[in-house]
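One letter stands for each residue in the lines below.
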Amino acid sequence: MATAAVDLLTGWCLFGLALLVILAFCWIYVRKYQSRRESEVISTITAIFALAVALISSALLPVDIFLVSYMKNPNGTFKDWADANVSRQIEDTVLYGYYTLYSVILFCVFLWIPFVYFYYEEKAEDDSNTCSQVKTALKYSLGFLVVCTVLLLIGAFVPLDIPYKKNSTEWEKMKLLVEEFGSSHGLAALSFSISSLTLIGMLAAITYTAYGMSALPLNLIKGTRNAAYELLENTEDIEEVEQHIQRIKLKCKDGRPLSTRDRRTLQQLEERLRTLRRRERHLEFIEKSWWSKFCGAMRPLKIVWGVFFVIVALLFTISLFLSNLDKALHSAGFDSGFIILGTNLTNPLNMLLPVLQTVFPLDYILITTIVMYFIFTSMAGIRNMGIWFFWIRLYKIRRGKTRPQALLFLCMILLLIVLHTSYMIYSLAPQYVMYGSQKYLTQSNMTVDGHLGNITTYMPKVCDAAAPEDQCIVTRTYLFLHKFWFFSAAYYFGNWAFIGVFLIGLVVSCCKGKKSVIEGEVDEDDSDMSDDELSVYYR
């Protein structure tokens, strides 16, 4: 009992250490992208806090799996200290953790982030009256609060009578587990609201993460264009634009006014010239920068990382494809949300995670790596595409130049993607997320000299839906994910869309040429003041 307590304490200490690492990462990440000239304390704190809460909620997944697995021995028997009361207490602790974190996420998404966003939108238009800015921000935030209230009410009272297949004992058992888990209206309301956000996160993952999984590694492999060569091209463009401007100005040398078309062309050329001048300053700085020389020396390592990320992306895609194919062939069907009650078509990650889970914290490290990989690939997709609302481009995400409003949008998108990560991990390793490394004892008869003997033995077997209910403990994460079957069905089709977008993005990234060494750092709508902090962007 003492050893078990020490081990559990060690697990929670590692979880606490992970919290500190998450906070440090979020602070560095947000500070890297926020604008140095338009930095706002409240938006910075909000972005760091929202992203940290999302990452902490994802960190509960391996803790949940570790706790249910740790209650059983490798031979399939429960440990001496793991009686029914202790097991229930552990499950309730994890459940309260999800309650707290998911409630905070709802607060951030539906109240705090909208309030801070609209506050700075009003501040940008009228910086004189703080009280008026707060009132307007609260007025717009109430709309989000109404949406949250509606989702909570729907979740609390939506019927949970899930159709199930006849003569399917395993499915009946899982149905009863879900219904028992959803006996509290408060828990059902919270689960429905979080599932709705996860559905939005799925759309964001399809849009940004799937494309980023192909764009990030191929950009590392292909590298960027040579700064000196780009500078030479830019100089030629400047000379060409100057000559064009000079030709237009010669038309009014004798005092004649320029035509409307010539004036519009002259204005466009002058804006183009200013942009080229800014590009010239950036390229000259890059050419002389020690950081660019260091990156050039690290070019072979970037290629290695790029190849590694390509392999990881293909591994994820193959695992996701096999898992979805398994659901298509062997799940309980659309009416159940394509819930799969056992693994028929295994995949690499589903085999690897249960093995690593036996040696804590190897699976924790792998799950953290997967989450961080999704974060970086999502960020790569967002940086390449920008933040769009249908066909309207709202914001660009650039290192050291991201406005407070864009930063809030960025962290909101990443928060929703991280929420969807839990289901992605379930899709990649359903057996691991459901039971961890648990085993249970099955009775078997030994055969002696070709005849059925009287010797009865018990053999350990990996937990699945066919196991006795009192022998295998289902994780709280799994029950959260499958409380509402229609969300599970949407996630299933979303996984196919994710695979399709990844393959399309892979083809597009392969066809595109090398990126500029200052890609995304210079735009026509930048002011000349943005060149005053070049050392910040290229350090």
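Whatever comes next refers back to the structure up there.
Residues numbered from 1 in each chain as written. Predicted model: local features only at pLDDT ≥ 70, side-chain atom pairs only at ≥ 80, totals over all residues. Heavy atoms only, no water.

Engineer: Would you mind showing me how to read the packing of helix α2 (residues 41–70) against helix α12 (residues 362–385) here?
Structural biologist: For any two helices packed against each other, the geometry comes down to the angle between their axes and how far apart the axes lie. Running from N to C, α2 and α12 point in directions that differ by 150 degrees, and their axes come no closer than 9 Å. Compared by their axis directions, α2 and α12 come out roughly antiparallel. For the crossing formed where α2 meets α12, the hand is right-handed. Here L55, S58, A59, P62 and V63 of α2 lie close against α12, whose contacting residues are D363, Y364, I367, V371 and I375. Counted by class, the contact of α2 with α12 contains eight nonpolar, one polar and one charged residues. (Axes fitted to C-alpha atoms, helices over the stretch in contact; angles between N-to-C directions. Helix = DSSP H or I, 4+ residues; strand = E, 2+ residues; numbered from the N terminus. Parallel < 35°, antiparallel > 145°, perpendicular 65-115°, else oblique. Left-handed = near helix turned anticlockwise from the far one by under 90°. Contact = heavy atoms within 4.5 Å. Nonpolar A, V, L, I, M, F, W, Y, C, P; charged D, E, K, R; others polar.)

Engineer: Any chance you could explain the side chain of Q34 here in plain terms?
Structural biologist: Position of Q34 relative to the elements: it lies in the loop between α1 (2–33) and α2. Side chain to side chain, Q34 and R31 meet in a polar contact 2.4 Å long. Dropping the residues within four chain positions of it, Q34 is found in contact with S39, T44, G400, K401, T402 and L407. (Polar contact = N/O pair within 3.5 Å; in protein donor to acceptor, adjacent residues only side chain to side chain.)

Engineer: Honestly, helix α8 (residues 260–288) in this entry has me stumped. Any pointers?
Structural biologist: For an α-helix the count is 3.6 residues per turn, leaving residues at separations of three or four pointing the same way. Its 29 residues place the ends of α8 43 Å apart at the C-alpha level, agreeing with the 42 Å of an ideal helix rising 1.5 Å per residue. Those residues of α8 that sit buried are D262, L266, L269, L273, T275, L276, R278, E280, H282, L283 and I286. (Expected span 1.5 Å × (residues − 1). Buried < 20%, exposed > 50% of the residue type's maximum accessible area, 1.4 Å probe, protein only.)

Engineer: What am I meant to see in the side chain of T46 here?
Structural biologist: Looking at where T46 falls in the secondary structure, it is placed in helix α2. For T46, a relative accessible area of 2% gives the class buried. From its side chain, T46 meets the backbone oxygen of I42 in a polar contact 2.8 Å long.

Engineer: Just to check I follow, could you spell out the nonpolar core for this structure?
Structural biologist: What tends to happen in soluble globular proteins is that the nonpolar side chains get buried as a cluster. Counting residues in each nonpolar core, the largest one holds 126 residues, and the members touching the most others are L55, I105, L197, F316 and I382. Sorting elements by how many residues they give to this core places helix α3 (residues 84–125) first, with 19 residues. A domain-level breakdown of this core finds at least three residues from each of domain 1 (1–221 + 300–437 + 479–495) and domain 2 (439–472). If sequence neighbours within four positions are ignored, I105 has contacts with V53, A54, S57, I194, L197, L415 and L419. (Core = buried A, V, L, I, M, F, W, Y, C linked by side-chain atoms within 4.5 Å. Domains from an automatic or database assignment.)

Engineer: What should I look at first to understand the packing of aromatic side chains in this one?
Structural biologist: The relation between two aromatic rings is expressed through the spacing of the ring centres and the mutual angle of the planes. If you walk through the whole model with that rule in mind, you get 29 aromatic pairs. Here F118 and Y140 contribute two aromatic rings whose centre-to-centre distance is 5.0 Å and whose plane-to-plane angle is 35 degrees, an arrangement assigned as tilted. Pair noted here: F118 is in helix α3 and Y140 is in helix α4 (residues 130–157), with a separation of 22 residues, a long-range link. With relative accessibility at 40%, the residue Y140 sits in the partly exposed group. Relative to F308, the ring of W305 lies with its centre 5.7 Å away and its plane at 85 degrees, an arrangement referred to as edge-to-face. Of the two residues, W305 and F308 both sit in helix α10 (residues 299–330), three residues apart, roughly one turn of that helix. (Phe/Tyr/Trp six-rings, centres within 6.5 Å; stacked < 30°, edge-to-face > 60°.)

Engineer: Can you help me understand a nonpolar patch on the surface in this one?
Structural biologist: The grouping of V41, I42, I45, F107 and W112 at the surface amounts to a nonpolar patch, some 470 Å² of accessible area in total. Those elements giving two or more residues to the nonpolar patch turn out to be α2 and α3. Here the nonpolar patch gets three residues from one element, more than from any other, and that element is α2. Tracing the chain through its elements places I45 in helix α2. Take I45: its relative accessible area is 53%, and that puts it in the exposed class. (Patch = residues over 30% accessible without salt bridge, like charges linked within 9 Å, V, L, I, M, F, W, Y side chains within 5 Å. Areas by Shrake-Rupley, 256 points an atom, 1.4 Å probe, with all protein chains shown as cover. Salt bridge = Lys/Arg side-chain N within 4 Å of Asp/Glu carboxyl O.)

Engineer: How do you make sense of the state of the cysteines when you look at a structure like this?
Structural biologist: Any covalent bond linking the sulfur atoms of two cysteines counts as a disulfide. In this structure the tally under the stated criterion is zero disulfides. C411 supplies the cysteine sulfur nearest to C26, a cysteine that is in no disulfide, at a spacing of 7.8 Å. (Disulfide = S-S within 2.5 Å.)

Engineer: Help me understand the environment of R398, please; the structure alone is not making it clear to me.
Structural biologist: Within the element layout of this structure, R398 appears in the loop between β2 (392–395) and α13 (404–428). Take R398: its relative accessible area is 10%, and that puts it in the buried class. Between the C-alpha atoms of R398 and K32, which are 366 residues apart in sequence, the distance is 9.2 Å.

Engineer: Can you walk me through the packing of α2 against α13 in this structure?
Structural biologist: The interhelical angle for the contact between α2 and α13, taken along N-to-C directions, is 5 degrees, at an axis separation of 9 Å. By the angle between their axes, α2 is roughly parallel relative to α13. Here S43, T46, A47, A50, L51, A54, L55, S57, S58 and L61 of α2 come into contact with α13, specifically with P404, L407, L408, C411, L414, L415, V418, L419 and I425. Of the residues in the contact of α2 with α13, the class split is 15 nonpolar, four polar and no charged.

Engineer: Would you take a moment to explain the environment of V53 for this structure?
Structural biologist: With respect to the secondary-structure elements, V53 resides in helix α2. Between the C-alpha atoms of V53 and L23, which are 30 residues apart in sequence, the distance is 9.1 Å. The contact partners of V53, leaving out residues within four places of it in the chain, are L101, V104 and I105.

Engineer: Is there a simple way to think about the environment of W485 in this case?
Structural biologist: Looking at the element boundaries, W485 is found in helix α16 (residues 485–511). Accessibility expressed as a relative area gives 23% for W485, which makes it partly exposed. W485 sits 151 residues away from F334 along the chain, and the two C-alpha atoms are 8.4 Å apart.

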